[in-house]
Amino acid sequence: MCDQTFLAITFGPCDNCSQNKPLMNIYLKNEPINYCSLCVELMACQGLAKGETIHTLKAESETLKTKLEEERAKLHDVELHQVAEKIEALGQFVMKTRRTLKGHGNKVLCVDWCRDKRRIVSSSQDGKVIVWDAYTTNKEHAVTMPCTWVMACAYAPSGCAVACGGLDNKCSVYPLSLDKNENLAAKKKSVAMHTNYLSSCSFTNSDMQILTSSGDGTCALWDVESGQLLQSFHGHSADVLSLNLAPSETGNTFVSGGCDKKANVWDMRSGQNVQSFETHESDINSVKYYPSGDAFATGSDDATCRLYDLRADREVAIYSKESIIFGASSVDFSLSGRLLFAGYNDYTINVWDVLKGTRVAILFGHENRVSTVRVSPDGTAFCSGSWDNTFDLRNILYGFALYWHQGLYIGVLHHPVMSVP
Amino acid sequence: MTIRSDRDHGQRCRPRMSCLKKVEATVVQMQDPSTGVKGTNQKLNITTIPHAITGQDIVAWITKNMNMDNDEAQAFSTMLVAFGYIYPLQDHKKLVLRPDGSLYRFQVNKWKAEDTDYAIYLAKRNIRKKGVLDAYEQEEYNKLHKWMNHKWDFIVMQAKEQYHAGKARQKADRVVFDCQERAYWIVHRPPPQTHSAMDYGLDRHIDPNVEEKKTYDYYKRIVIYMCFMGFCSKSLFLACSLVKYMMTFKNHDPFLVPCLPRNPWQTDHDSYWELNTPDVEVPTKMRVERWSFSFYELLSDPRGRADFKVFLKKEFSGENLAFWEAAEELKWGTAASMSEKAEHIFKTFLAPGAPRWINIDGRTMGLTVKGLEHPHRYVFDAAQTHIFMLMKKDTFYRYLKSPVYKEIQKKAISPAPQFFCICIEAQLQQNMRNRRPSVSPIITWQKEQEEKAKAAAAAGPIDIKKLMASKLDRK
C-alpha cells in the first residue's frame, strides 16, 4: 500500500501569543512563522498592513493561484479512466432491496451503521432518533429530540452511545442502555454548541471525541465528557454540510464540504486547512473518503459527483451524465472503492464505476428524494434513507440461474449476471 | 403554450433548485409543435380535451431525445409530474407518470403560489358547490379565513368574479381550466401525508449566490493559506495506486465477489458474521489474507492485532505496540484524564530505566520530553510516528514471514459457498422468522473492558524487589 503522508505537527509557544498550542507552519513573505490557529485568524483580520491595498492583495492572490495551477498542470500527464482502460469492466448489477425499515413518521435525514455491521441509527425531521437491528428489523431504542430536523446522527465506535443534533444547534450524546424501559433522554449529554444548525457529526476513533460541522460555516472537535471545545476549524465561507474522517493509520485529517462549493481537508491537531478543492458548481452535499484514504468523493447539487486525489491535489474524475439533472445528496464507496453509490434528489440511486467513470446501475424504489446512502462496515449491503419516511437496505442479487425447476428456482452464487427474470 | 420562467418562485437564487431551469428547457422542447410530444384531442368523461398527451408518448419521447432507457425515462417523467410541469387528467392527486394510455397535459402557469391566490381558489370552489372541499382543504380554508380576515371581502369578491368569468366560458375550456388550476394547487399546496417534490428542506444559512464580499481579509487569507503547496506526484503514479488498491481488495468486496459462505442479507443466515467476530478463535482465510495487505489492515482488525501480539511476545518486542496503543488511547481519550495518562506512559515507556522502555532516537526523545513540560494529547505524536514506521517497515514484514503467521494461515478455514434455495413464500417466511438477534454491542463492550483490565493487571511491570523479597521470605 502506498505510504500515508504524515504531517508533522509542532507544538509549542506561538510566536505571537506565546501560549502553548498546536502550531500551524506557514510562510509569510517566504519567512516561516509558527502561529497558533487563533493568531492566524486574527492576523488575517488585522487590516491592511503598510503598503498594502486591496488591489495589491488581490493581485498577489491571483499570482499565487496561477502558480499553483501551473505546478499542478506540470504533473498531470494522464487521466484516471485512461489508466483504467485495461481493467475489465464490471458486469451488469442487479440490486435487490432486502429490508425496508418503516417507523419514522417523517423524512429520514441521516443514517449511520454501528461497527457490529447490523445495527443502524437513523434520525428524521420530526425529531425522532431510532436505533434498529437492521437484520431483524427490530427497533431497539428510540429517542425523541426536543428539536425538529435532526440532520446529523452517528453511532459510537463502541456501540454504546449515539450522537445526534440538528436545528437545536447542539450535538447531544445519548448513552444506550440494555434496559428497554429506560428513558434515554435522562442521561443525555450536550456536547457541541454551534451558532447555527448542526449539519453533520462523527465520532473519532473513540467514544470520547466528536467532530461536528455546522451551518455557521465552522467545524469543531469536542471532548464528550466535559463538552470542551478542543479545536475549531475556520475556512468555509458558507454552511458546512458534511464531513468525513480519514480512514488512515494516523487518523489525523478529515474532509468537509460546504455551500461555498469548496471541499477542505483539515489537520485535526492544529486546525489548519491543509488542502482545498473548488471545482464544483454548486453546494457540496456530501463528502466521503476513498477506503485507502488517498482520495475522496463529493456529491453536489450540480448533479455531479467528483473524485479528488489528495496527493495529486486535484480533481481526477467526474461522474455525471446529461440525463442526470437533479443534485446528489449523499455518496459512499463500496469496500474496495470500485463502486460509488450516490443518492439523488430525483428519487434514484446511481451506482458508478469509480475507475472508468461510467454508471453501472440505477436503482429506483423511493418515492421521494434520497437523503442518505451508507455502505455497511463490512461492505455486505448498503442502506438508503429517503424523504418518503422509509429506508431500504439493498445488496447485490447474484446470478440466479435462469431456469425454473418445478416451480423452484435455485440461486447460485456466481459473478453478477446480465438479467434476472 | 409557454412556460413562464418565474416558476421557481423566488428560489431562483437557490442553487439546489437551479436544476429546474434545465427541466424547463426540456419541457419547452417537448412542447415544440413539430418535434415535441404529439398531443391529440381526447375524450375525458363526456368532454373533449384538446392537446392531451399519453403517458407512453411522454416516456417514448424522453427515451429517444434524452438518451435514457425506459426506467430512467419513467423516473424523469415522474419528476416532471411531481414538479407540476405536466399534470394528470385522471387521478389528479397521484403525481406519478403512468407509462400507459393515461392522459396528461402541459401546465400553464398563470398563478402565483401565494396564500391570497390559494384563498381565492378555495373560496371559488366553495361558491360553486358547498361541501366540495376535502377535509384538509377545509382546514386550510378556515385557517386562511382566520388570518386573512382583513382581506376577506377582497378575496370573496375576486372569487365571485373568477367564478362568473368561468361560467361564461365554453364547457370544454372550463373543464380544461379547472383541471389545470386544480393540478397546480395539488403541487403547490400538497395534501398532508403526501410527499411533495417542491419541498427542498431547510434554507441554507448563507446564500452562496450572493457574491462573497471580497474585503482585504478574504485575499489575505488566500495569501496566507496558499503558501503550503503540498506533496504533488505524477498523475500516472497516483492513478496507478488507486487502481492497485482496488485490485487488491476486489475479492474482498461483497458487491463484486460473493462473500463466503453466504451474504447474511440475502440468505437470512448470519454465519458470515459468526465466522468473522472480532474474537473468533479461527479466522477465515480471506481475513488472514487481508492482514497481509497493509499494516493498517492488520492493526484495525482486532483478531489480526491479537495475532500480531502473539508474534511480538515470541520476539520479546511487545512494548512498541503497547506504546503505540497507549499513545492512541491518550490521543482519543477524555481531556480530564489526559495529563495523568501522559505521565503514566512516560514512566512506563520512555523514562530512563522504564520497565517497558522503547528505543527511539535522541531527537524524538528530546522533543517529547520538552513537550511533556506542558502535556497535551499530541505530545507523543513524534515518538508514536517513529515507532509506527518502525513496526510498519520492519516488524510487519518479519511477521508475515514468521511461523506464527504461517500457522494461522494453515489453520484458517475456508467456508464453502452455500447454495441456498429460495423456493416459495413459505420458505422465505421461515427464513425471516429464523433471523437471529445478536448480542448487544453494549454487552460486548463491557466484556472487552473487563478482559482488558484483567490483561493490564497481569501484564503490569514486575517489581523485582518485591519478587526477591518474597523469595527471601520463603527461605
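Quick caveat: nothing in here was measured; it's all calculated off a predicted structure.

J.: When you look at the overall build of chain B in this model, what are you seeing that I'm missing?
T.: Counting its regular elements, chain B contains 22 helices and 5 strands. Buried positions account for 46% of the 475 residues belonging to chain B.

J.: Explain the overall build of chain A here, please?
T.: Secondary structure assignment for chain A yields 3 helices and 32 strands. For chain A, the proportion of its 421 residues judged to be buried stands at 64%. Counted over contacts in chain A with a minimum sequence separation of 6, partners at least 24 positions apart contribute 43%. Counting only carbon and sulfur atoms, one obtains 50% of the accessible surface of chain A, whose full area is about 15200 Å².

J.: Hey, could you run me through a negative patch on the surface in this one?
T.: Together, B:Asp279, B:Glu448, B:Glu450 and B:Glu451 line one region of the surface with negative charge. One can find B:Glu451 in helix H21 (residues 441–458).

J.: I tried to follow the state of the cysteines on my own but got confused; where do I start?
T.: Disulfide: a covalent bond formed between the sulfur atoms of two cysteine residues. Per the stated rule, a full pass over the model turns up 0 disulfides over all chains. Sulfur of A:Cys219: no disulfide; nearest cysteine sulfur belongs to A:Cys201 and is 12 Å away.

J.: What is the right way to read helix H2 (residues 55–65) of chain B from this model?
T.: Since the α-helix packs 3.6 residues into each turn, any two residues three or four apart lie on the same face. All names here are of chain B. Residues of H2 that are buried: Gly55, Ile58, Val59, Trp61 and Ile62. Here the buried residues of H2 occupy an arc of 160° about the axis, which is enough to place them on one side. On its buried face, H2 sits against helix H1 (19–30), strand S2 (47–54), helix H3 (70–82), strand S3 (86–88) and strand S4 (103–106). Positioned one or two residues after H2, asparagine 67 has a phi angle of 60°, which is positive.

J.: Please clarify how the sheet that holds S3(B) should be interpreted in this entry.
T.: The strands making up a sheet associate through hydrogen bonds between their backbones, and the pairing can be parallel or antiparallel. All names here are of chain B. The 4 strands are arranged S1-S2-S4-S3 in an open sheet whose pairing can be described as antiparallel. Strand pairing shows two members of the sheet lacking a second neighbour, strand S1 (40–44) and S3, which therefore form its edges. Ignoring which end each strand starts from, the neighbouring axes of this sheet average 60° apart. The pairing of S1 with S2 spans 4 bridges and is classified as antiparallel. Bridge pairing links lysine 43 to threonine 48 in S2.

J.: Would you mind showing me how to read helix H7 (residues 171–188) of chain B here?
T.: Its 18 residues place the ends of H7(B) 26 Å apart at the C-alpha level, agreeing with the 26 Å of an ideal helix rising 1.5 Å per residue. Looking only at H7(B), the buried set comprises B:Val176, B:Phe177, B:Cys179, B:Gln180, B:Glu181, B:Ala183, B:Tyr184, B:Trp185, B:Ile186, B:Val187 and B:His188.

J.: In this structure, what is going on with the confidence of the model for chain A? I would like to understand it.
T.: For any part of a model where pLDDT is low, the fine detail of the predicted coordinates should not be relied upon. All names here are of chain A. Residue-level pLDDT values for chain A average 83, and 86% of them are 70 or greater. Within chain A, strand S32 (residues 409–411) has the poorest average pLDDT of any element, 27, and strand S21 (residues 284–289) the best, 96. Overall, residues 1–7 carries pLDDT values under 50, and its contacts beyond four positions in sequence, including any with other chains, amount to 27 contacts. The low-confidence segment residues 397–421, where pLDDT is below 50, has 49 contacts with residues more than four positions distant or belonging to other chains.

J.: What is the right way to read the UniProt feature "repeat: WD" (unreviewed entry) in chain A from this model?
T.: Mapped onto this numbering, the UniProt entry annotates "repeat: WD" (unreviewed entry) at residues 101–142, 191–232, 233–276, 277–318, 330–362 and 363–396 of chain A. As annotated, residues 330–362 of chain A has a helix share of 0% and a strand share of 58%, and its two end C-alpha atoms lie 15 Å apart.

J.: Help me understand empty space enclosed by the protein in this model?
T.: Summary: where empty space remains is shown by rolling a probe the size of a single water molecule over the atoms. Applying the stated criterion across every chain, the model contains 5 cavities of 30 Å³ or more. In this model, the second largest cavity occupies a volume close to 100 Å³. Around the second largest cavity sit 15 residues that line it, and A:Ser323, A:Asp346, B:Met68, B:Glu72 and B:Phe76 are the ones nearest its centre. Every element with two or more residues in the lining of the second largest cavity is listed here: strand S28 (359–363) of chain A together with H3 of chain B. Ranked by the residues each element gives to the lining of the second largest cavity, the list is headed by H3(B), at 4 residues. Residue composition of the lining of the second largest cavity, by class: 9 nonpolar, 3 polar and 3 charged.

J.: What am I meant to see in the sheet that holds strand S15 (residues 218–223) of chain A here?
T.: Residues and elements named next belong to chain A. If you trace the 4 strands from one edge of the open sheet to the other, you get S13-S14-S15-S16, paired in antiparallel fashion. Of all the strands in the sheet, the pair left with one neighbour each is strand S13 (198–203) and strand S16 (229–234). Each strand axis lies, on average, 15° off the axis of its neighbour in the sheet, ignoring direction. Across 5 bridges, the pairing between strand S14 (residues 209–214) and S15 is antiparallel. When the sheet's bridge partners are listed, threonine 212 is paired in S15 with alanine 220.

J.: Looking at this model, I keep getting lost on the domain arrangement of chain B. Mind explaining?
T.: Interfaces are often described in size by the accessible area the parts lose on coming together. Residue and element names in this part refer to chain B. When cut into domains, chain B gives domain 1 (19–106), domain 2 (216–252) and domain 3 (283–412 + 439–456). For domain 2 and domain 3, the distance between their C-alpha centres works out to 29 Å. In this assembly, 5 residues from domain 2 lie in contact with 5 residues from domain 3. It is Thr248, Phe249 and His252 in domain 2 that bury the most area against domain 3; as a group they hold 86% of the surface buried on that side. At the surface where domain 2 touches domain 3, the tally comes to 0 salt bridges. The tally of links between domain 2 and domain 3 comes to 1 residue pair in polar contact (both at pLDDT 80 or more). Here the side of domain 2 that touches domain 3 is built from residues that sort into 2 nonpolar, 3 polar and no charged.

J.: How should I be thinking about the nonpolar core in this particular structure?
T.: Grouped burial of nonpolar side chains is what soluble globular proteins tend to show. All names here are of chain B. Of all hydrophobic cores here, the largest spans 38 residues; its most connected members are Phe295, Phe308, Phe323, Phe349, Leu350, Phe380 and Tyr399. Residue assignment for this core shows that the elements contributing at least two residues are helix H12 (285–291), helix H13 (295–300), helix H14 (302–315), helix H15 (318–332), helix H16 (338–350), helix H18 (381–401) and helix H19 (403–411). Per-element accounting of this core gives the leading share, 8 residues, to H18. If we ignore the near neighbours within four places in the chain, the residues touching phenylalanine 349 are Glu319, Ala322, Phe323, Ala326, Ala354, Arg356, Trp357 and Ile358.

J.: Hey, could you run me through unusual backbone geometry in this one?
T.: Most peptide bonds are trans, and most residues other than glycine sit at a negative phi. A positive phi angle, near 70°, is found at A:Ala303, a position not held by glycine. Inspection of the secondary structure assignment puts A:Ala303 in the loop between strand S22 (295–300) and strand S23 (305–309). With relative accessibility at 2%, the residue A:Ala303 sits in the buried group. Of note, the phi angle at B:His51 is positive, near 50°, even though the residue is not glycine.

J.: Which parts of the structure should I look at to understand the UniProt feature "domain: DEP" (unreviewed entry) in chain B?
T.: When the UniProt feature table is mapped onto this chain numbering, "domain: DEP" (unreviewed entry) sits at residues 33–108 of chain B. A distance of 16 Å separates the end C-alpha atoms of residues 33–108 of chain B, which is 32% helix and 26% strand.

J.: What is the right way to look at the environment of B:Thr248 in this model?
T.: Looking at the secondary structure, you find B:Thr248 in helix H9 (residues 235–249). As for B:Thr248 and B:Gly371, which are separated by 123 residues in sequence, their C-alpha atoms are 40 Å apart.

J.: What's the story with the packing of H15(B) against H16(B) in this structure? I'm lost.
T.: The description of two packed helices rests on the angle between their axes and on the distance between the axes. Residues and elements named next belong to chain B. Relative orientation of the contacting elements H15 and H16 amounts to 170°, with a least axis distance of 10 Å. By the angle class used here, H15 and H16 are roughly antiparallel. Residue-level contacts link Glu319, Ala322, Phe323, Ala326, Ala327, Glu329 and Leu330 of H15 to Met338, Lys341, Ala342, Ile345, Phe349 and Leu350 of H16. Along the lines of polarity and charge, the residues of the contact of H15 with H16 split into 10 nonpolar, no polar and 3 charged.

J.: Help me understand a positive patch on the surface, please; the structure alone is not making it clear to me.
T.: Residues and elements named next belong to chain B. A contiguous patch of positive charge, built from Lys167, Arg169, Lys171 and Arg174, is present on the exposed surface. Position of lysine 167 among the secondary structure elements: in helix H6 (residues 152–168). Taking relative accessible area as the criterion, lysine 167 reaches 52% and is therefore assigned exposed.

What counts, and at which threshold
- Residues numbered from 1 in each chain as written.
- Chains lettered and ligands numbered in written order.
- Predicted model: local features only at pLDDT ≥ 70, side-chain atom pairs only at ≥ 80, totals over all residues.
- Heavy atoms only, no water.
- Helix = DSSP H or I, 4+ residues; strand = E, 2+ residues; numbered from the N terminus.
- Buried < 20%, exposed > 50% of the residue type's maximum accessible area, 1.4 Å probe, protein only.
- Contact = heavy atoms within 4.5 Å.
- Areas by Shrake-Rupley, 256 points an atom, 1.4 Å probe, with all protein chains shown as cover.
- Patch = residues over 30% accessible without salt bridge, like charges linked within 9 Å, V, L, I, M, F, W, Y side chains within 5 Å.
- Salt bridge = Lys/Arg side-chain N within 4 Å of Asp/Glu carboxyl O.
- Lys, Arg positive; Asp, Glu negative; His and termini not counted.
- Charge placed at Lys NZ, Arg CZ, Asp CG, Glu CD.
- Disulfide = S-S within 2.5 Å.
- Arc of directions from axis to C-beta.
- Pairing = 2+ DSSP bridges.
- Axes fitted to C-alpha atoms, helices over the stretch in contact; angles between N-to-C directions.
- Expected span 1.5 Å × (residues − 1).
- pLDDT = per-residue confidence, 0-100.
- UniProt positions renumbered as here; feature names shortened; annotations may be inferred.
- 1 Å grid on protein atoms, 1.4 Å probe; cavity = no way out; pocket = protein on both sides within 12 Å on 5 of 7 lines; lining within 4 Å.
- Points joined across faces, edges and corners; volume = space filled by probe spheres on them.
- Nonpolar A, V, L, I, M, F, W, Y, C, P; charged D, E, K, R; others polar.
- Domains from an automatic or database assignment.
- Buried area = accessible area lost by both parts, 1.4 Å probe.
- Polar contact = N/O pair within 3.5 Å; in protein donor to acceptor, adjacent residues only side chain to side chain.
- Core = buried A, V, L, I, M, F, W, Y, C linked by side-chain atoms within 4.5 Å.
- Parallel < 35°, antiparallel > 145°, perpendicular 65-115°, else oblique.

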